[in-house]
Each structure stands twice: as structure tokens, then as C-alpha cells.
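# A structural walkthrough
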Amino acid sequence: MDSVTSDRSALQATADNGLKIVVVGGFGVGKTTMVRSVSEIRPLNTEETMTRAGETVDRLDGVHAKSSTTVAFDFGRITLDERSVLYLFGAPGQERFWFLWDRLFTGTLGAVVLVDTRRLADSWYAIDRLEHHGTPFIVACNDFGGPLHTEQQIREALDLSDAVPLVECDARDRSSSKYVLITLVEHLHALAQGKVPAPSATRPGTAPEPAPQKTPEPSS
């Protein structure tokens, strides 16, 4: 999925308040694309060309046409006002890079879990990891033209609480990606106001199990 970042006016070199949000999800769900579409600077990315050697370690189900992959993180920036900026980090999706996630989560206000409804099982680990850290998050279903599922079917497949916002988006479209981020900010505000229950972190010393290789998808 390609996107084009439009030209922006020059930005201040520094800001008083830096706010951090992370975009996580499975391999090939559109995390890099979302950061590219919404960032007002030319985003930093660490994409490398995929080789045949990676076919033995990366699951390519549903993403056989993918030719490059993030090997560290994506980074973008959005100015909120004269003193505050939003820093947006996209996490790598392959299991072999999951060890990077804990550091990316440090100092994070909240997260977007981007999912492909054709491969919902690939998003389980991201949700488990966020719940382990007690990090607030929302879920955004990226449009890949797959089978349609009801909101309830998706919530059941992801074991998602009704308190967690679930939205649809097209990560290639800037306005759609902005809507996802606005939804997350509104969710964080509601949490701060005590209007929705706060996420509970897993007990210290425990960690979620790796995502299962197979899981039932919601019925059409």
C-alpha cells in the first residue's frame, strides 16, 4: 500500500511538549503506510527489501505481494500547536522483531492497533502486549477489501472489551488516518476523565504467550 506525503511548511526545531503514540499490529497491516500518510514531515522509515531467505521465518499469508518490510520502526511528526507536537512510531510486525516493542512503548500515551480483518489472529499479540503494559489503545480495521464482519464479530474474535473503541479506516488516506488518531486522543481524554474504565496491566513478572499460529476467524 503506497501513500504520498504532501509538502508542509517549515516546522520548529524544538517543542515544549512531545507526546508519543505507537502504531502496532501484525505483519503487512499498513503501519508504515499510516505513518506516511499522516506525518507532516518526511517520515523516517527503516524498510528493507524482502528476500527469499525471509520466507522461511516470516509468515506471508495474505501478503505475498509485499516486497519490503520495517526492520526497526517508522517515525513521523504532527504539530498540535505552537508548543506541542505528536510523535508517531510504527512498530515492526514480524515476530522476530517483537523484542523492540517494549522500548517503543516506553513513554507512550496510547496506541493504535491496526488490523487486517482477513488475518485477525495476527493482531492478538499486539493487544496482549498492550494489555500487559496497561497501555490504552484503540483498534482500527484497515480496508483491504476483505470479507465484511460486524463490529460484534470482530470484538469477539479479538476478545475486545466494549470500552475499547473500534473504527474502520484506510491507512493510505490522510484524513482517515487523522480520524483514527483523533479517536485515540478522545479515548485517552475519556480515560483521564474517568468516563471509561482504565486498562489493567498484567501482574509484574508475567508476560503474554506468543500469538497462536491459528485461531478461528469470525463467520461471514
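Below: a short report on this structure. (Residues numbered from 1 in each chain as written. Predicted model: local features only at pLDDT ≥ 70, side-chain atom pairs only at ≥ 80, totals over all residues. Heavy atoms only, no water.)

Within the protein chain, the secondary structure is distributed over 5 helices and 8 strands. Counted from the first residue to the last, the protein chain has its helices and strands arranged as β-α-β-β-β-β-α-β-α-β-α-β-α. Looking at the protein chain residue by residue over its 220 residues, the buried ones come to 47%. Expressed as a percentage of contacts within the protein chain between residues at least 6 apart in sequence, the contacts between residues at least 24 apart total 77%. Accessible surface for the protein chain amounts to roughly 11,800 Å². Of this, 51% is attributable to carbon and sulfur atoms. (Helix = DSSP H or I, 4+ residues; strand = E, 2+ residues; numbered from the N terminus. Buried < 20%, exposed > 50% of the residue type's maximum accessible area, 1.4 Å probe, protein only. Contact = heavy atoms within 4.5 Å. Areas by Shrake-Rupley, 256 points an atom, 1.4 Å probe, with all protein chains shown as cover.)

Time to look at the pairing of strand β5 (residues 84-90). By the criterion of burial, β5 is predominantly enclosed, with 6 of the 7 residues buried. Pairing analysis gives 7 bridges linking strand β1 (residues 17-25) to β5, with the strands arranged parallel. Within β5, the position partnered with L19 by the bridge is L86. As defined by bridge partners, strand β4 (residues 74-79) adjoins β5 across 6 bridges and the pair is classed as antiparallel. The residue bridging G76 from the neighbouring strand is L88, located in β5. The turn joining β4 and β5, which pair antiparallel and follow one another in sequence, is formed by 4 residues. (Pairing = 2+ DSSP bridges.)

The next subject is the nonpolar core. With 23 residues, the main nonpolar core has V24, V113, F137 and V139 as its most contacted residues. Going through the elements one at a time, β1, α2 (101-105), β6 (110-116), α3 (124-133), β7 (137-142) and α4 (151-158) are the ones with two or more residues in this core. Once residues lying within four places of it in the same chain are set aside, the contact partners of F137 are A111, V113, I127, L130, E131, L160, V164, P165, L184 and H187. (Core = buried A, V, L, I, M, F, W, Y, C linked by side-chain atoms within 4.5 Å.)

In this section: the pattern of salt bridges. For the structure shown, the criterion picks out 5 salt bridges. Close ionic contact of D116 with R118 constitutes a salt bridge, the shortest N to O distance being 2.7 Å. Through salt bridges with shared partners, a single ionic network connects D116, R118, R119 and D122. (Salt bridge = Lys/Arg side-chain N within 4 Å of Asp/Glu carboxyl O.)

Moving on, we get to the packing of aromatic side chains. With the rule as written, the count across this model stands at 2 aromatic pairs. Taken together, the ring pairs connect F75, Y87 and F89 into an aromatic cluster. The ring of F89 carries K20 above its face, with NZ or CZ at 4.9 Å from the centroid. (Phe/Tyr/Trp six-rings, centres within 6.5 Å; stacked < 30°, edge-to-face > 60°. Lys NZ or Arg CZ within 6 Å of the ring centre and 35° of its normal.)

With that settled, consider helix α5 (residues 174-192). When the terminal C-alpha atoms of α5 are compared, their 27 Å separation across 19 residues agrees well with the 27 Å that a helix rising 1.5 Å per residue should span. One or two residues past the end of α5 sits G194, with phi positive at roughly 75°. (Expected span 1.5 Å × (residues − 1).)

Overall, mixed pairing links the 6 strands, which are arranged β4-β5-β1-β6-β7-β8 in an open sheet. Single-partner strands in this sheet number two, and they are β4 and β8 (166-169). Geometrically, the sheet is characterised by an average inter-axis angle of 25° between neighbouring strands, direction not taken into account. As defined by bridge partners, β1 adjoins β6 across 5 bridges and the pair is classed as parallel. Bridge pairing in β6 links I21 to G110. (Axes fitted to C-alpha atoms, helices over the stretch in contact; angles between N-to-C directions.)

Turning next to a nonpolar patch on the surface. There is a patch of nonpolar side chains on the surface, built from L19, L80 and L109 and spanning about 240 Å² of accessible area. Assignment of secondary structure puts L19 in strand β1. L19 sits in the partly exposed class, given a relative accessible area of 30%. (Patch = residues over 30% accessible without salt bridge, like charges linked within 9 Å, V, L, I, M, F, W, Y side chains within 5 Å.)

It is worth spelling out unusual backbone geometry at this point. With a phi angle near 55°, D159 is a residue other than glycine that sits in the positive phi range. In this structure, D159 sits in the loop between α4 and β8.

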